[in-house]
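A look at the structure
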Amino acid sequence: QVQLVESGGGLVQSGGSLRLSCAASGTIFRLNAMGWYRQAPGNQRELVARITRNGITNYADSLRGRFTISRDNAKNTVDLQMNSLKPEDTAVYYCTANIILSTSDWNPYEYWGQGTQVTVSS
């Protein structure tokens, strides 16, 4: 089984910073792209940022410049540095990972963490 465990969420004032971390563990042959999504109350889940195994990044246009995604392939972790936070960044943030479990099954599967709450006060 695969687990994605997020950490680093919390309450921060507008203009502040937070760093989210996500660690993948379990039966993992290959960890492909990893990323972060978020969902605010009443809204659909939306992409925040994704990063490939080779470090190619993709950001939501509205977040580029304030958020930075990074990963450590040796530790199977992905981080999200969030700066200049705004009240509209308040949401549950979810880690995701595209994983090949073993050489007996080359199909990649998308796994999700349970989410971590980020609240930005005005």
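Here's what I pulled together on the structure shown here. (Residues numbered from 1 in each chain as written. Predicted model: local features only at pLDDT ≥ 70, side-chain atom pairs only at ≥ 80, totals over all residues. Heavy atoms only, no water.)

It is worth spelling out unusual backbone geometry at this point. The bulk of non-glycine residues show a negative phi, and the bulk of peptide bonds are trans. Backbone geometry at Asn76 places phi at a positive 55°, although glycine is not the residue there. For Asn76, the location among the structural elements is in the loop between strand S7 (67–72) and strand S8 (77–82). Of note in the backbone geometry, Ser84 takes a positive phi value of approximately 50° without being a glycine. Structurally, Ser84 can be placed in the loop between S8 and strand S9 (91–102). (Helix = DSSP H or I, 4+ residues; strand = E, 2+ residues; numbered from the N terminus.)

Here Asp89 shows up in the loop between S8 and S9. Looking at Asp89, its side chain comes within polar contact range of the side chain of Arg38, at 2.9 Å. Not counting chain neighbours up to four residues away, the residues in contact with Asp89 comprise Arg38, Leu63, Arg66, Phe67, Ser84, Val118 and Val120. (Polar contact = N/O pair within 3.5 Å; in protein donor to acceptor, adjacent residues only side chain to side chain. Contact = heavy atoms within 4.5 Å.)

Ordered by their spatial adjacency, 4 strands build an open sheet running S1-S3-S8-S7, and the pairing between neighbours is antiparallel. Every interior strand has two partners, whereas the edge strands, strand S1 (2–7) and S7, have only one. Averaged over all neighbouring strand pairs, the angle between strand axes comes to 15°, with direction disregarded. (Pairing = 2+ DSSP bridges. Axes fitted to C-alpha atoms, helices over the stretch in contact; angles between N-to-C directions.)

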